[in-house]
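Now for the letters of each chain:
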Amino acid sequence: MAGSDPTLAAVAPPDTVKILIAGGFGVGKTTMVGSVSEIAPLRTEEPLTAAGLGIDDLNGIEEKRATTVALDFGRITISRELVLYLFGTPGQQRFWFMWNDLAIGALGAVVLVDVRRPESSFAAIDFFERRGIPFVVGVNGFHGAHPYPAEEIREALALPKHVRVLLCDARERESSRDVLIALIDQLIADAREAS
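Basis of the calculations
- Residues numbered from 1 in each chain as written.
- Predicted model: local features only at pLDDT ≥ 70, side-chain atom pairs only at ≥ 80, totals over all residues.
- Heavy atoms only, no water.
- Pairing = 2+ DSSP bridges.
- Helix = DSSP H or I, 4+ residues; strand = E, 2+ residues; numbered from the N terminus.
- Axes fitted to C-alpha atoms, helices over the stretch in contact; angles between N-to-C directions.
- Buried < 20%, exposed > 50% of the residue type's maximum accessible area, 1.4 Å probe, protein only.
- Right-handed = clockwise from strand over helix to strand, strands pointing away.
- Salt bridge = Lys/Arg side-chain N within 4 Å of Asp/Glu carboxyl O.
- Core = buried A, V, L, I, M, F, W, Y, C linked by side-chain atoms within 4.5 Å.
- Contact = heavy atoms within 4.5 Å.

Participant: Please explain the sheet that holds strand β8 (residues 165-168) as it appears in this structure.
Facilitator: Two strands in a sheet stick together by hydrogen bonds in their backbones, pointing the same way (parallel) or opposite ways (antiparallel). Taken in spatial order, the 6 strands of this open sheet run β4-β5-β1-β6-β7-β8, and their pairing is mixed. Pairing within the sheet leaves two strands with one partner each, and these edge strands are β4 (72-79) and β8. Put simply, the sheet's adjacent strands are angled 25° from each other on average, direction ignored. Here strand β1 (residues 15-23) runs beside strand β6 (residues 106-113); their pairing, made up of 6 bridges, is parallel. Residue pairing in the sheet places Lys18 in a bridge with Ala106 of β6.

Participant: What is the right way to look at the pairing of β6 in this model?
Facilitator: Judged by how many residues are buried, β6 sits mostly within the fold: 7 of 8 residues are covered. Two strands pair when backbone bridges link them, and β6 and strand β7 (residues 135-140) are joined in this way by 5 bridges, in the parallel orientation. Its bridge partner lying in β7, Val111 is registered against Val137. Read from β6 through helix α3 (residues 122-131) to β7, the crossover connection turns out right-handed.

Participant: What exactly am I supposed to notice about the pattern of salt bridges here?
Facilitator: A side chain of one charge can pair with a side chain of the opposite charge when the charged atoms of the two come close. In the structure shown here, the tally under the stated rule is 8 salt bridges. Note that Glu151 and Lys161 form a salt bridge whose closest N and O atoms lie 3.4 Å from each other. Within this pair, whereas Glu151 is found in helix α4 (residues 150-157), its partner Lys161 is found in the loop between α4 and β8, the two being separated by 10 residues in sequence. What emerges from the salt-bridge pattern is a single network uniting Asp114, Arg116 and Arg117.

Participant: What is the right way to look at the nonpolar core in this model?
Facilitator: The nonpolar side chains of a soluble globular protein tend to be buried with one another. In this structure, Leu20, Val111, Phe128, Phe135, Val137, Leu157 and Leu159 are the most contacted members of the largest nonpolar core, which totals 24 residues. When contributions to this core are tallied by element, the ones reaching two or more residues are β1, α2 (98-103), β6, α3, β7 and α4. Contacts of Phe135, omitting those with residues within four sequence positions, involve Ala109, Val111, Ile125, Phe128, Glu129, Leu159, Val163 and Leu183. Val17, Met32, Val36 and Ile76 belong to the second largest nonpolar core, which has 23 residues in total.

Structure below.
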């Protein structure tokens, strides 16, 4: 091309990967997206109101004051070649209809679990198993506590051996990053096995 600088090589845009951060109500999805995102995350949080009384189960999370009503969005650049787009799902049952749309194009997911309320993550685990979307489980240690080892949690959730269970703290960037790296490693291993 006339007038162009031949020393400037065309830089290919990075590959982008869509990852869902899912789990029950109040397990730390918004916190995880916010802790690891390199951009100010998009949040659709609204205050909890009296309209949710009797609908939203606040047992164990009485201090919760807001909830995601659509999605959270964040981004993390892994390398020049790879960027993750993170989509946090709403946790309340009345918003689960949105999960199908959010899952379109997702390569994998992190299912966050609160050991104080493990049953709140059963629906997310079932969702990804039924759709064949690979996932890892991040056990969010609230108040820095992990009262159970990963293998006990695997047994309690009846997870197959190939699903990684990682203890984490969604408030800490490095911890959230490590969970995402475990998912990416799993996706790469699955792709190699399939080829």
